[in-house]
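Below are the chains, spelled out letter by letter.
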Amino acid sequence: MEESIWYYTIRFYEGAIFIYCITIFSLYAVLTILSARNIRKNIRLNSFRKREILVESPLTPGISVIAPAYNEAATIIDNVRSLLTLNYPRFEVIIVNDGSTDDTLKKLISEFRLTEIDFAYDSRLPSKPVKRFFKSTDKAYKKLLVIDKENGKSKADAVNAGINAAAFPYFLNTDVDCILDNDALLFLIQPFLDEEKRVIAAGAPLRIANSCEVDAGMLTRVRPPRALLPRFQEMEYVRSFIMGKMGWSAINAVPNVSGGLGLFDKEIAVQAGGYDSRSFAEDMDILVRMGKYMCETKEDYAIRYIPQTLCWTEAPHTLKVFTRQRVRWGRGLVQLFAVHRNVLFNPKYKKLGLVIFPYNFFFELLAPVVEIVGILLYIYFIVMGMVNWPFAIILLIFVYTYSILISSIAVLWDQYTFRHYKSWKEVLGMCSMAFFEPFLYHPLILFSSIKGYLNHLLGRKHKWGNMQRRGFKRQAA
Amino acid sequence: MDKIFNDYFQWPVFIKLAAAVSVIAVIGGGLVYLFILLWRRKGYINDRKKARLLPEMRELIVKHVILAKGDVPLEAVTFPLDDFRKLGIRKADVRRFFVEELMEYRRNFSGRPRQLLTRLYTDLGLHHITEKNLTCKRTQGIISALNELISMGVPVNEDKVLPLLDHENRYVREGARCYFVKLSEDRPFFFLEKISTPLLYWEQIEMFRIITQRKDVEIPDFSRWISSEYHPSVISFCLKLAVYYQQFETGPAMMKLLDTENEKLRARLINALGKLMVEKAESRLVAMYCDQPWSCKQEILKALGRIGSGNSLVFLRDKFETEQEIPLVKHAAKSIVNHRALSENLLREMQAGAVGLKHTVLQHAANPLIKY
């Protein structure tokens, strides 16, 4: 009897896993089609829409660019200069010095001729105390505002301080070390101006800048990363942004806007309570709260993604830093579901409760658990000699070939749209990642996610480490 | 092979499905790489072709249009059309490169070269295909055609464009509106009468630019559309135009609408009244302040500063002292500062008496380094 229960349990799990697998693969197929349509629509739209008209128009809405900085002395000057030269008619750059212990602030003061000012700071959103405000006496830097605050041990805390000081109705959340496309603001503001629904946030793909050539904070040559770990991340970013986010954007079900680059409606972000400095997934958390706020106030809203890569960032290049980052993301996901558990399957929250949360619950949060249980079961079957090897191999081939297909389609969409890489060798290098990813990169992600879940469940303290940056390859003079 | 097929039909359903999907994935993967190859190849060939043709096109355009002597009347100018045709502009892709170049030059030049570029476009008969495309089935074709006509400044029979104002595709409708604003001789503002769905902000920016660049039409009195019978987005758009053209006579129409229940529209009306410095509206704005939501209160404070008559200084001081929300306090202070000479004494007095946050707000408002 006992044996038969065990037998049926295992058979049930096998069946359930297969259905789970088929569902997730079908969803990927649907996302592939949706993203293709959305990208095509965007490219067509851009073929006759001249974003340059925004530069000349007195009606263009203002944007506050908020970039927190913590111990960025080595690159801060180039990066701030790059932000100040963004192509947009009405914007301010708010650098939040988040209690740096190096000479970040000193360098800013001397380079940009900053002077301390009295500033009517409205602390609507919680953050650590702000000590001083600086503006430049040089008209060339009149768009710059520097906030010096106590270290809040999170980016969320610093961004909240930036939002409190922001003057414009939209704010761009970015990292000071990110390299932005010169037209980033012109691209990102478009969805806000072009919809009947109120667009509350918009994002664009991020790419890895590790092997790109950079000159004075400006990108001069795009290359895929040479090192294996960043290159796997590039593949993951292409798949996630070009295919995933663009697909979700087509049905207005974007789960999150990346912390590296996102334009937000300030009013809604403030009403939703701003960023939560205790959250480990603050970028997803704020979007959930903004979505909840819109549903509760019964206002129709949209969150959009555009396919143009507008931001290049340095990815973790060591296993230690990489796993630390992914453990935090994993932990953030569990935390998010714990905090917003009332959203799941709640029709009051429309797509957020019935599409975004269920998808993320079953196929993001549970996926590593299902996978780990599956692996353990597989080992058990092998040990017990219960494996039907021809069938097992067919199933493995099925998963492997399908995952390669999905990654390859992501590269295809990327090539169809922008052809960032100059040479064939670079494209092939990227494509080859799809073949090795399931063996080399995916186990790392799995391990980090499970570790993050356990850390959350066991209430372990998270250590915030500063990512040691290598800097970018400079263009030869 | 037969054995594999026989075995296949014996397998459990999920194994059959997995095997079938794997085969599709392998074939699909192969096709994906083939497409990557083809797209890159196509892109490469296109880039090369463009790189070869563009210098030739530019040389001809610069020589015969941009640097053409200005002593010949416009109507008498002739172009070596065969030289242009030799570029191969009958081919769709070459035509596209060439027209894109013409549009780019037209954007960057004004006066005679701009008119000559339009002449060259029509002399080469390039507008015939464009006109034909206005009635094609592909919406993308219609949009491109409208865009090309607008960019090249070539008017066509308005009856061809009129139905497009009611087209099911919003981008076609948008293109048709832009066409009327840009090229219609007698009824460039006709489209405003026909708007029943929101005029999106992007469209407003686009049409605002076209209208403000047009020097050959008489600008109408926009108060005609500042009326509750029009869509709020039309009213909002006309408010912007009224402010741009400093149409002080639109003030009464704006004041009439101040009781609207649409909060956003009310805020925009107050904003426009401020920008037009309608002094008559001051007492009304002060009277309505208390019952307004936050966004309108903010606009009222800003408007009073813009009007700057000095009549509301007591009100502004009161709001500076009694309001609890910092942005409102800040706007009250900014508006007092905006009164310049009229508020000098008051400001001095307030600065002497203010402490803590209120003092900081005053310093903030008076600091020329802080613009917003």
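Residues numbered from 1 in each chain as written. Chains lettered and ligands numbered in written order. Predicted model: local features only at pLDDT ≥ 70, side-chain atom pairs only at ≥ 80, totals over all residues. Heavy atoms only, no water.

**Regarding the sheet that holds strand β9 (residues 206–208) of chain A**
Residues and elements named next belong to chain A. Ordered in space as β7-β14-β9, the three strands form an open sheet in which the pairing is mixed. At either margin of the open sheet sits one strand with a lone partner, and together these are β7 (179–180) and β9. Note that β9 and strand β14 (residues 311–313) share three bridges and pair parallel. Its bridge partner being in β14, Arg207 is matched across the sheet by Trp312. (Pairing = 2+ DSSP bridges. Helix = DSSP H or I, 4+ residues; strand = E, 2+ residues; numbered from the N terminus.)

**A closer look at a positive patch on the surface**
Side chains of Arg90, Lys139 and Lys142 of chain A together with Lys275, Arg306 and Lys371 of chain B sit close together on the surface and give a patch of like positive charge. Relative to the elements of secondary structure, Lys142 of chain A occurs in the loop between β4 (130–136) and β5 (144–149). A relative accessible area of 53% places Lys142 of chain A in the exposed class. (Patch = residues over 30% accessible without salt bridge, like charges linked within 9 Å, V, L, I, M, F, W, Y side chains within 5 Å. Areas by Shrake-Rupley, 256 points an atom, 1.4 Å probe, with all protein chains shown as cover. Salt bridge = Lys/Arg side-chain N within 4 Å of Asp/Glu carboxyl O. Lys, Arg positive; Asp, Glu negative; His and termini not counted. Charge placed at Lys NZ, Arg CZ, Asp CG, Glu CD. Buried < 20%, exposed > 50% of the residue type's maximum accessible area, 1.4 Å probe, protein only.)

**Section: the packing of helix α10 (residues 319–339) of chain A against helix α11 (residues 350–365) of chain A**
Residues and elements named next belong to chain A. Where α10 meets α11, the closest approach of the two axes is 11 Å, and the angle between their N-to-C directions is 145 degrees. In this structure, α10 crosses over α11, and the sense of that crossing is left-handed. Facing α10, whose interface residues are Leu333, Val334, Leu336 and Phe337, α11 presents Phe357, Asn360, Phe361, Glu364 and Leu365. (Axes fitted to C-alpha atoms, helices over the stretch in contact; angles between N-to-C directions. Left-handed = near helix turned anticlockwise from the far one by under 90°. Contact = heavy atoms within 4.5 Å.)

**Brief notes about a nonpolar patch on the surface**
Together, Trp424 and Leu428 of chain A together with Val23, Ile27, Leu31, Leu34, Phe35, Leu37 and Leu38 of chain B line one region of the surface with nonpolar side chains, adding up to about 850 Å² of accessible area. For the nonpolar patch, the leading source of residues is helix α2 (residues 13–66) of chain B, giving seven residues. The class of Leu38 of chain B is partly exposed, set by a relative accessible area of 46%.

**Side note on the interface of chain A and chain B**
Facing the 58 residues of chain A at the interface are 52 residues of chain B. When the two sides are added together, the surface that chain A and chain B hide from each other amounts to roughly 5100 Å², 72% of it contributed by carbon and sulfur. On the surface where chain A and chain B come into contact, there are three salt bridges. One salt bridge connects Arg49 of chain A with Glu174 of chain B, and the closest N-O pair in it is separated by 2.4 Å. For the pair chain A and chain B, the interface holds 13 residue pairs in polar contact (both at pLDDT 80 or more). Element by element, the count of residues in the side of chain A that touches chain B is highest for helix α13 (residues 389–417) of chain A, at 14 residues. (Buried area = accessible area lost by both parts, 1.4 Å probe. Polar contact = N/O pair within 3.5 Å; in protein donor to acceptor, adjacent residues only side chain to side chain.)

**Some details on the nonpolar core**
In terms of nonpolar packing, the biggest core is built from 269 residues, with Ile63 and Ile95 of chain A together with Phe98 of chain B touching the most fellow members. Mapped onto the domain boundaries, this core takes at least three residues apiece from domain 1 (195–213 + 222–304) and domain 2 (308–372) of chain B. Look past the residues within four positions of Phe98 of chain B in its chain and what remains in contact with it is Met57, Ile61, Phe84, Leu87, Ile89, Leu120, Leu124 and Leu126 of chain B. By size, the runner-up hydrophobic cluster in this structure holds five residues, among which are Ile10, Leu377, Val387 and Ala392 of chain A. (Core = buried A, V, L, I, M, F, W, Y, C linked by side-chain atoms within 4.5 Å. Domains from an automatic or database assignment.)

**Details of helix α5 (residues 112–123) of chain B**
All names here are of chain B. Taking 1.5 Å of rise per residue, 12 residues should cover 16 Å, and α5 covers 16 Å from first to last C-alpha, within 8% of that figure. Along α5, the residues that are buried comprise Pro113, Leu116, Leu117, Thr118, Arg119, Leu120 and Tyr121. Packed against the buried residues of α5 are α2, α3 (81–85), α4 (92–108), α6 (126–133) and α7 (139–152). One or two residues past the end of α5 sits Gly125, with phi positive at roughly 70 degrees. (Expected span 1.5 Å × (residues − 1).)

**Brief notes about the pattern of salt bridges**
With the rule as written, the count across this model stands at 44 salt bridges over all chains. Between Asp414 of chain A and Arg207 of chain A there is a salt bridge; the shortest N-O distance is 3.0 Å. A residue pair is termed long-range when its members are at least 10 positions apart, and Asp414 of chain A in helix α13 and Arg207 of chain A in strand β9 qualify at 207 residues. Exposure class is identical for Asp414 of chain A and Arg207 of chain A. Each is buried. Put simply, Arg85 of chain B and Asp82 of chain B hold a salt bridge, and the shortest N to O gap is 3.8 Å. Of this pair, Arg85 of chain B and Asp82 of chain B both sit in helix α3, three residues apart, which is roughly one turn of the helix. On the basis of relative accessible area, Arg85 of chain B is assigned to the partly exposed category, the value being 35%. Among the residues examined, Asp82 of chain B registers a relative accessible area of 52% and is labelled exposed. Salt bridges sharing common partners tie together Arg49 and Asp194 of chain A together with Arg170 and Glu174 of chain B.

**Here's the deal with the packing of aromatic side chains**
Counted according to the given criterion, the structure contains 41 aromatic pairs over all chains. Aromatic ring contacts, followed pair by pair, group Tyr20, Trp248, Phe337, Phe345, Phe357, Tyr359, Phe361, Phe362 and Phe363 of chain A into a single cluster. Above the ring of Phe320 of chain B, the side-chain terminus of Lys358 of chain B is found at 5.2 Å from the ring centroid. (Phe/Tyr/Trp six-rings, centres within 6.5 Å; stacked < 30°, edge-to-face > 60°. Lys NZ or Arg CZ within 6 Å of the ring centre and 35° of its normal.)

**A few points about the environment of Arg460 of chain A**
Residues and elements named next belong to chain A. Note that Arg460 resides in the loop between α15 (442–458) and β15 (473–474). Residue classification places Arg460 among the partly exposed residues on the basis of a relative accessible area of 43%. The residues touching Arg460, leaving out its near neighbours within four places in the chain, are Arg331 and Asn455.

**Considering unusual backbone geometry**
The residue Lys298 of chain A is not glycine, and still its phi comes out positive at about 55 degrees. Following the sequence through the fold, Lys298 of chain A ends up in the loop between α9 (282–296) and β13 (301–305). On the accessibility criterion, Lys298 of chain A (73% relative accessible area) is exposed. Positive phi is not limited to glycine here, since Gln246 of chain B has a value of about 50 degrees. Within the element layout of this structure, Gln246 of chain B appears in the loop between α11 (232–244) and α12 (251–256). Residue classification places Gln246 of chain B among the partly exposed residues on the basis of a relative accessible area of 34%.

**What about the domain arrangement of chain B?**
All names here are of chain B. According to the domain assignment, chain B consists of domain 1 (195–213 + 222–304) and domain 2 (308–372). Here the C-alpha centroids of domain 1 and domain 2 sit 25 Å apart. Tallying the contact residues gives 10 residues for domain 1 and 15 residues for domain 2. Across the interface of domain 1 and domain 2, roughly 1200 Å² is buried in total on both sides, 61% from carbon and sulfur atoms.

**Here's the deal with the sheet that holds β4 of chain A**
Residues and elements named next belong to chain A. Taken in spatial order, the nine strands line up as β3-β4-β5-β2-β1-β6-β12-β8-β13 in an open sheet, and their pairing is mixed. Lying at the two open borders of the sheet, with one neighbouring strand each, are β3 (114–117) and β13. This sheet shows a mean twist of 25 degrees between the axes of neighbouring strands, independent of strand direction. Sheet topology note: the strand β6 (residues 170–174)/strand β12 (residues 261–265) ladder contains five bridges and is antiparallel. Its bridge partner lying in β12, Asn173 is registered against Gly262. Running over the sheet, α9 touches β8 (198–203), β12 and β13 and is turned about 170 degrees from β8.

**Some remarks on the state of the cysteines**
One pass over the structure, following the stated rule, counts zero disulfides over all chains. Of the cysteine sulfurs around Cys212 of chain A, a residue in no disulfide, the closest is that of Cys311 of chain A, at 11 Å. On the basis of relative accessibility, which here comes to 0%, the residue Cys212 of chain A falls in the buried class. For Cys136 of chain B, which is in no disulfide, the shortest distance to another cysteine sulfur is to Cys178 of chain B and amounts to 18 Å. (Disulfide = S-S within 2.5 Å.)

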